[in-house]
Amino acid sequence: MDTASTERFLPPDTLRSTANLTAAAFDEAADDRLAFWARQADRLHWDAPFRQVLDWSDAPFARWFVDGRLNVAYNCVDRHVENGHGDRVALRFVGEPGDEQAITYRDLQEQVSRAADALERRGVRAGDPVAIYLPMIPEAVVAMLACARIGAPHTVVFGGFSADALSSRILDFRARTVITADGGFRRGAPSALKPAVDAALEKCPDVTTVLVVRRTGQDIGWVEDRDEWWHDALAGASAKHTPQSFDSEQPLFVMYTSGTTGKPKGILHTSGGYLTQAAYTFWGVFDHQPDDVYWCTADVGWITGHSYLVYGPLAVGATQVIYEGTPDTPHRGRWWEIIERHRVTLFYTAPTAIRTCMKWGDDLPARYDLSSLRILGTVGESINPEAYRWYRRNIGGDRTPIVDTWWQTETGAHMLSPLPGVTAAKPGAAMGPIPGISADVVDDDGNPVLPGESGYLVLTEPWPAMVRTIWGDPDRFRETYWSRWPGYYFAGDGARRDLDGDIWLLGRVDDVMNVSGHRLSTVEIESALVSHPRVAEAAVVGAADDTTGQAVVAYVILREAAGRDEPDLAEELRRHVAVEIGPIAKPRHILLVPELPKTRSGKIMRRLLRDVAENREVGDATTLADAGVMDQIRSGMAAAR
Ligand code: WTA
């Protein structure tokens, strides 16, 4: 393994001297971490200065930039207009059917002001939660910023999630306002969203207002006195709206993410610290310069879309592409065509997408002029060295540094990453913490591992964009992240320190799967399967997959007549999971089994099921209550292959 660590890509000479972040930043942060963060906070406009950088007296509940006051939307929009950049393009929107819009910071200011005023006219006040369920269209950005402007926390629910997933989030968040669209364009056709909202709201009687963006023009259901067109609401609102200032700790948004139990956790992010770190990392890790054209392929429904499509880039006044559709519509060269057409310089995507493009062949990107690119990024899982080399060679022209950014919904912003002007990067390694961040790899007892050894990744000091709590469940917050080793945040990831001291991520050590860079909980999918009337019990594992990183494999015991030949049942169960959670959670394989491997205390031994799913010799099964179970499962799997 350590042979891999000898392969390195040095920063280009030009970047070494000119990059925003140089090696000196590490020394500055090491000298005085909090003073370093105070200087990063100066990237923002504060209406009232903070009196203290960090209050950690009630750990693990942090307060950053104490008593400072700011308006997040003003920082992302208005101040750029006031600084003479009103005509700069903020968003270059590319719709899947090929429609395009260039939205300047001035345009954005007007739209966000109108949307903020429209929300206020409908009674939304600071602190009132708003749910957003939109495709990748500029209105998603406008809606988020409008909420931020009036101090109303938002939760963006990924458009690929089902009505059930939407209603459970709306209920947990206690949202009374929903912003959605008739639909969006996906794979060459309109894909409806509004019917899922209508179904979800049958369970959410407290929702009184639904604003609907018209994107596809398809026929939709309409509830009088509740539903209203977004364009009508904005037309009837004022284009001038004065942003108020809010406390640094004003809740900005909640992002739901899968944990180790069935119920998704509402990760709360607040204003001053979050925006500081989003802006600093966007500026430093991507080395953003004023003439860059940036493109992040993530959906706004994920944390990456929040920090690196909305808040980070806009806080520094960047110009960026936002694309509605999929990489293969109308053809498999679509992404590269967009990069060529808009002269994209900074490109941020996920390893799973890179592996897919690899499968499609080198000749596709080769047809386009990608010479504008200067830095590439990845996020979501470790990038396999093979995919890294392909990305650098075929997309980056063997020129561009790659930043492999490790972070989480909970961390809010980048934590570990190579720096484009500093790091001699190793393919597959997130390398180490960026300036201002403190991380370590520790063993079971919380002691740092030696070089060459593996353990668990921990964050040893608080950071500005850190999760503040789990919405409505502070005990679960403390228990989940802070209880394993006192004083350390446990990320849930295994990691290795190589002989040079650099950090490699090894994947989750808990029951969370990573499918195409999306976090899915085994327990959540098991619960969905068990909610089907024919299912008695289910065990779900993530099996290694060449394209998606992991694939969902489910072992299911039926309620009666188990083993009866029911060829369509597995397909029906897959559809059922798609309805309960969303299509991304659909198991790749469902195997109907007579029994599951359990310990004597009744705990399912997922490790053994993973061995079977990955077609390996089954590991130590001596703690099983019934040793014969694994033989039955193995022969069932062999028959299914
Ligand atoms: C994984 C996405 C290795 C990791 C921003 C983490 C990574 C989880 C990387 C968070 C990376 C993300 N290298 N693993 N560069 N980036 N991960 O909350 O397991 O959707 O805990 O945040 O993704 O996923 P989340």
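The numbers attached to residues start from 1 for each chain and follow its sequence in the written order. Local features in this predicted model are restricted to residues of pLDDT 70 or higher, and side-chain atom pairs are both shown and tallied only at a pLDDT of 80 or more, whereas totals for entire chains, interfaces and linings draw on every residue. For the side-chain quantities, the full set of heavy atoms in the structure was used; hydrogens and water were omitted.

Caption draft 1: View of the overall build of the protein chain. Helix and strand counts for the protein chain come out as 20 helices and 29 strands. Relative to the 2.2 N^0.38 estimate, which gives 26 Å for 641 residues, the radius of gyration of the protein chain is 24 Å and therefore close to what a compact globule would have. Seen through its C-alpha atoms, the protein chain measures out along the principal axes to roughly 75 × 65 × 55 Å. Per-residue accessibility, obtained with a 1.4 Å probe over protein chains only, is compared with the maximum for each type, and a residue is labelled buried under 20%, exposed over 50%, and partly exposed between these values. Residues classed as buried in the protein chain amount to 60% of the 641 residues present. As used throughout, the charge tally considers Lys and Arg to be positive and Asp and Glu to be negative, leaving His and the chain termini uncounted. We put the charge of a Lys on NZ, of an Arg on CZ, of an Asp on CG and of a Glu on CD. Taking the 67 positively charged and 88 negatively charged side chains of the protein chain as two groups, their mean positions are separated by 1 Å. Only runs of H or I of at least four residues qualify as helices and only runs of E of at least two qualify as strands under DSSP, and these elements are numbered from the N terminus. Here the globule rule is a power law, 2.2 Å times the number of residues to the power 0.38, and the radius of gyration is based on C-alpha atoms.

Caption draft 2: Structural detail: the pairing of strand β17 (residues 319-323). A large share of β17 lies buried, amounting to five of its five residues. Taking every second residue as pointing to the same face, both faces of β17 are buried, with Thr 319, Val 321 and Tyr 323 on one and Gln 320 and Ile 322 on the other. A pair of strands is treated as paired once DSSP finds two or more bridges between them. Relative to β17, strand β4 (residues 89-94) is paired through four bridges, and the arrangement is parallel. Of the residues in β17, the one forming a bridge with Arg 92 is Val 321. Pairing analysis gives three bridges linking strand β16 (residues 293-296) to β17, with the strands arranged parallel. Across the sheet, the residue bridging to Tyr 294 is Gln 320, located in β17. Crossovers are marked right-handed if the path from the first strand over the helix to the second runs clockwise, as seen with the strands pointing away from the viewer. Following the chain from β16 across helix α11 (residues 303-315) to the adjacent parallel β17, one finds a crossover that is right-handed.

Caption draft 3: Representation of the pattern of salt bridges within the structure. We count a salt bridge whenever a side-chain nitrogen from Lys or Arg sits within 4 Å of a carboxyl oxygen from Asp or Glu. Considering all chains together, one arrives at 46 salt bridges under this definition. For Glu 386, the salt bridge is made with Arg 389, and the minimal N-O distance between the two is 3.3 Å. Highlighted residues: Glu 386 and Arg 389, both in helix α15 (residues 385-395), separated by three residues, approximately one helical turn. What makes Glu 386 partly exposed here is its relative accessible area of 45%. One salt bridge connects Asp 500 with Lys 426, and the closest N-O pair in it is separated by 2.6 Å. In this pair, Asp 500 is assigned in the loop between β23 (489-497) and β24 (503-508) and Lys 426 in the loop between β20 (402-404) and β21 (439-442), connecting sequence segments 74 residues apart. With a relative accessible area of 47%, Asp 500 lands in the partly exposed category. Bridged by salt links that share partners, the residues Arg 8, Lys 426, Asp 498, Asp 500 and Asp 502 form one connected network.

Caption draft 4: Quick look at the site of the ligand. Any residue with a heavy atom lying within 4 Å of a molecule or strand is counted as near it. Neighbouring residues of the ligand: 17 residues in total, closest Asp 404, Thr 405, Thr 409, Arg 508 and Arg 519. Arg 519 is positioned such that a nitrogen or oxygen atom in its side chain is 2.7 Å from an oxygen atom of the ligand. Mapped onto the shell around the ligand, the elements with two or more residues apiece are α11 and β24. Polar contacts, as used here, are pairs of N or O atoms within 3.5 Å; protein pairs need one atom able to donate a hydrogen and one able to accept it. Residues neighboring in sequence count only if both atoms are side-chain atoms.

Caption draft 5: Focus on the pairing of strand β10 (residues 189-192). In this structure, strand β9 (residues 183-186) lies alongside β10, joined through four bridges in antiparallel fashion. Along β10, the bridge assignment pairs Gly 183 with Ala 192. Hairpin connection, β9 to β10: the antiparallel pair is bridged by two residues, and Arg 187 has positive phi, about 50 degrees.

Caption draft 6: Region of interest: the environment of Thr 208. Relative to the assigned elements, Thr 208 resides in the loop between α8 (194-201) and β11 (209-213). For Thr 208, a relative accessible area of 41% translates into the label partly exposed. For Thr 208 and His 414, which are 206 residues apart along the polypeptide, the C-alpha to C-alpha distance reads 37 Å. Here Thr 208 is in contact with Arg 176, Asp 225 and Arg 226, once residues within four sequence places are set aside. Throughout, a residue-residue contact means that at least one pair of heavy atoms, one from each residue, lies within 4.5 Å.

Caption draft 7: Geometry of the packing of helix α5 (residues 105-121) against helix α6 (residues 138-150). Whenever a helix is involved, its axis is fitted only over the stretch in contact; in every case the axis is a line through C-alpha atoms, and angles between N-to-C directions fall within 0 to 180 degrees. Two elements in contact, α5 and α6, have axes separated by 8 Å at closest approach and are oriented at 60 degrees. On the basis of the axis angle, α5 is oblique to α6. Considering how the two elements wind past one another, α5 and α6 form a crossing that is right-handed. Two secondary-structure elements touch here, α5 through Leu 108, Gln 111, Val 112, Ser 113, Ala 115, Ala 116, Leu 119 and Glu 120 and α6 through Val 142, Leu 145, Ala 146, Cys 147, Arg 149 and Ile 150. Only Asp, Glu, Lys and Arg are considered charged in this grouping, and only Ala, Val, Leu, Ile, Met, Phe, Trp, Tyr, Cys and Pro are considered nonpolar; every other residue, Gly among them, is considered polar. Taken together, the residues that form the contact of α5 with α6 break down as 10 nonpolar, two polar and two charged. Roughly parallel means an angle under 35 degrees; roughly antiparallel means over 145; roughly perpendicular covers 65 to 115; every other angle is labelled oblique. In this scheme, a crossing is called left-handed if the near helix is turned counterclockwise away from the far one by less than a right angle; it is called right-handed if the turn is clockwise.

Caption draft 8: Here's a closer look at the environment of Arg 343. Its location among the elements puts Arg 343 in the loop between α12 (334-342) and β18 (346-349). Residue Arg 343 is classed as partly exposed on the basis of its relative accessible area, which comes to 38%. Here Arg 343 is in contact with Val 293, Asp 369, Ser 371 and Ser 372, once residues within four sequence places are set aside. Side chain to side chain, Arg 343 and Asp 369 meet in a polar contact 3.3 Å long.

Caption draft 9: Layout of helix α17 (residues 522-530). For α17, every residue scored as buried is listed here: Thr 522, Glu 524, Ile 525, Glu 526, Ala 528 and Leu 529. Between the side-chain oxygen of the N-cap and the backbone nitrogen of Glu 524 there are 2.9 Å, and the N-cap of α17 in question is Ser 521.

Caption draft 10: Broad picture of the confidence of the model for the protein chain. Chain-level pLDDT for the protein chain is 93 on average; 97% of the residues reach the 70-or-more range. Quick note on the complex model: pTM equals 0.89, ipTM equals 1.00. Scored from 0 to 100, pLDDT reflects the predictor's confidence in each residue.

Caption draft 11: Expanded view of the sheet that holds β18. Within the open sheet, the seven strands sit side by side as β5-β4-β17-β16-β18-β19-β20. Their pairing is mixed. Each end of this open sheet is capped by a strand with a single partner; those strands are β5 (100-104) and β20. The average angle at which neighbouring strand axes cross in this sheet is 20 degrees, direction not considered. The sheet strands contacting α12 are β4, β5, β16, β17 and β18, and the helix crosses β17 at an angle near 150 degrees.

Caption draft 12: Expanded view of α11. Most of α11 sits out of view: 13 of its 13 residues are buried. Residue Gly 317 follows α11 closely and has a positive phi angle near 75 degrees.

Caption draft 13: View of the sheet that holds β21. The sheet built from four strands is open, its strands ordered β21-β22-β23-β24 with antiparallel pairing. Edge positions in the open sheet fall to β21 and β24, since each of these has one partner strand only. Along the sheet, successive strands turn relative to each other by an average axial angle of 45 degrees, direction set aside. Bridge analysis of strand β22 (residues 454-459) against β23 gives five bridges, and the strand direction is antiparallel. Note on β23: the bridge partner recorded for Val 458 is Phe 490.

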